[in-house]
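In case you want the letters, here they are:
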Amino acid sequence: MTTQPSQTLWTALDQYIEQHLIEPQAILEQTLHNTQQLGFSNHLAVAPNQGMFLKMLIQMNRCQRVLELGTFAGYSTLWLAQALPKNGYLLTIEGRDSHAQLAQQNIQQAQLPVQIDVRHGRGCDILQELITQQCQAFDFIFVDADKQSYPEYLELSLQLSHSGTVIVLDNVIRAGDILDENNQKPSITGIRTMYQRLQQHPQILSCTALQTVGVKGHDGLAIAIVK
Ligand code: DHB
Ligand code: MG
């Protein structure tokens, strides 16, 4: 993340929001602490106010089955899981073995009263497997894994959705890098292709993207409702 002149202000404002609106939670603090203690950076995790926003989207839609792509340390997973009723189910998929193990540890420690499965493996392969097995559709899908695979994750997620499923994709602005034509990194071209796929997709009822600034810099999320 390049440091913008406004970064200090964005961070201070996120702290202000957090202090006023986000009740401190020991399990979430513990997860961030444990992650750092084990030598991982928390920069991949969502900010607390973003975690709360995801939780609220799940609550608004009374979702019971949630799918997450890109677990990292399980911080966002815990926010998503908190929105679920006791009979809810959350499946989170992580491509890196070390991250999956870390997440497993953090999630186990949190002891939430909801079933959370962490699966380690290549996201596209696992999703394809779920589709083949005719896995029950998910009500909410949070895509936050490797950005180069976003177009495939979107298509596969749609096959694991029902009418009304909400799909949220993280990091779709990247401080404006998506507009830089000289930037042909796979992570950036992946996001551009995702926008093209979202545009007039026959399976999508409505979609948009929102830019965000805050402690995580300048980025954004895309949101789509399945037709
Ligand atoms: C990166 C990935 C993320 O999902 C995120 O939210 C922030 C940064 C990254 O790959 O750098
Ligand atoms: Mg992210």
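Residues numbered from 1 in each chain as written. Chains lettered and ligands numbered in written order. Predicted model: local features only at pLDDT ≥ 70, side-chain atom pairs only at ≥ 80, totals over all residues. Heavy atoms only, no water.

1. Some details on empty space enclosed by the protein
Test applied: Points on a 1 Å grid over protein atoms alone make up a cavity when a 1.4 Å probe fits among them but cannot get out, and a pocket when they form an open set with protein on both sides within 12 Å along at least five of seven lines; lining residues each have an atom within 4 Å of a point. Grid points are joined across faces, edges and corners, and a volume is the space filled by probe spheres set on the points. Secondary structure elements are defined from DSSP: runs of H or I of at least 4 residues count as helices, runs of E of at least 2 residues count as strands, and each element is numbered from the N terminus.
In this structure the tally under the stated criterion is 1 cavity of 30 Å³ or more. Taken as a whole, the largest cavity spans an internal volume of roughly 50 Å³. For the largest cavity, the full set of lining residues is Val 46, Gln 50, Phe 53, Leu 54, Phe 142, Asp 170 and Leu 221. Examining the composition of the lining of the largest cavity, we find that 3 residues originate from one element, helix 3 (residues 48-60), more than from any other.

2. A short note on the site of ligand 1
Rule in force here: Being near a molecule or strand, for a residue, comes down to having at least one heavy atom within 4 Å of it. Counting of polar contacts relies on pairs of N or O atoms within 3.5 Å, with two restrictions inside protein: one atom must be capable of donating a hydrogen and the other of accepting it, and residues adjacent in sequence are counted only when both atoms are side-chain atoms. Note on areas: Shrake-Rupley, 1.4 Å probe, and residue coverage restricted to the protein chains presented here. Placement in a cavity or pocket follows one criterion, namely that more than half of the molecule's atoms lie within 2 Å of its grid points. The residue classification treats Ala, Val, Leu, Ile, Met, Phe, Trp, Tyr, Cys and Pro as nonpolar and Asp, Glu, Lys and Arg as charged. All others, Gly included, are polar.
The environment of ligand 1 is formed by His 43, Leu 44, Asp 144, Lys 147, Asp 170, Asn 171 and Arg 174. Contacts to ligand 1 include Lys 147, whose side-chain N or O atom sits 2.9 Å from an oxygen atom. Asn 171 places a polar side-chain atom, nitrogen or oxygen, 2.7 Å from an oxygen atom of ligand 1. About the coverage of ligand 1: the protein hides 71% of its 290 Å² of free accessible area. According to the grid-proximity analysis, the pocket containing ligand 1 is the largest pocket. When the residues that make up the shell around ligand 1 are grouped by side-chain class, the tally is 1 nonpolar, 2 polar and 4 charged.

3. Digging into the coordination of the magnesium ion (ligand 2)
For clarity, the threshold we go by: Only N, O and S atoms count as donors, using a 2.8 Å limit from the metal and a wider 3.2 Å limit for Na, K and Ca, and since water is excluded some coordination spheres may look unfilled. For every residue, the accessible area (1.4 Å probe, protein chains only) is compared with the maximum for its type, and the residue is labelled buried under 20%, exposed over 50%, or partly exposed between those bounds.
Listed as protein donors to the magnesium ion (ligand 2) are Asp 144 (OD), Asp 170 (OD) and Asn 171 (OD1); their distances from the metal cover 2.0 to 2.1 Å. The motif formed by the donor residues of the magnesium ion (ligand 2), counted along the single chain, is D-x25-D-N. Taken together, the residues Asp 144 in the loop between strand 4 (138-143) and helix 7 (150-159) and Asn 171 in the loop between strand 5 (161-170) and helix 8 (186-198) connect sequence positions 27 residues apart. Judged by its relative accessible area of 12%, Asp 144 is buried.

4. Focus on the packing of helix 7 against helix 8
Helix packing for two helices is described by the angle between their axes and how far apart those axes are. Rules: Simply put, an axis is a line fit to the C-alpha atoms, just over the touching stretch for a helix, and the angle between two N-to-C directions goes from 0 to 180 degrees. The contact definition used throughout considers only heavy atoms, calling two residues in contact when any of these lie within 4.5 Å.
Two numbers describe how helix 7 lies on helix 8: the axes approach to 7 Å, and their chain directions differ by 35 degrees. On helix 8, the residues touching Tyr 150, Pro 151, Leu 154 and Glu 155 of helix 7 are Gly 190, Thr 193, Met 194, Arg 197 and Leu 198.

5. Here we look at a nonpolar patch on the surface
To be explicit about the condition: Two joining distances apply to patches: 9 Å for like charges and 5 Å for nonpolar side chains (Val, Leu, Ile, Met, Phe, Trp, Tyr), and every residue must have over 30% relative accessible area and no salt bridge. Any carboxyl oxygen of Asp or Glu within 4 Å of a side-chain nitrogen of Lys or Arg constitutes a salt bridge here.
Taken together, the side chains of Tyr 16, Ile 17 and Leu 21 present a nonpolar region at the surface, about 310 Å² in accessible area. Residue classification places Ile 17 among the partly exposed positions, given a relative accessible area of 31%.

6. Comments concerning the nonpolar core
Nonpolar side chains in soluble globular proteins generally cluster together in the buried interior. Note the threshold: The term nonpolar core refers to a set of buried residues drawn from Ala, Val, Leu, Ile, Met, Phe, Trp, Tyr and Cys, joined through side-chain atoms within 4.5 Å.
Counting residues in hydrophobic clusters, the biggest one holds 33 residues, and the most contacted among them are Leu 67 and Leu 127. Among the elements of the structure, strand 1 (65-69), strand 2 (89-94), helix 6 (123-132), strand 4, helix 7, strand 5, helix 8 and strand 7 (217-226) are those that each provide at least two residues to this core. In terms of nonpolar packing, the next biggest core, distinct from the first, is built from 30 residues, Ala 103, Ile 116, Phe 142 and Val 168 among them.

7. Some remarks on the pattern of salt bridges
Tallying each qualifying case throughout the model produces 5 salt bridges. With its nearest N and O atoms 2.7 Å apart, the salt bridge here joins Arg 122 to Asp 125. Asp 125 gets classed as partly exposed once you look at its relative accessible area, which sits at 43%.

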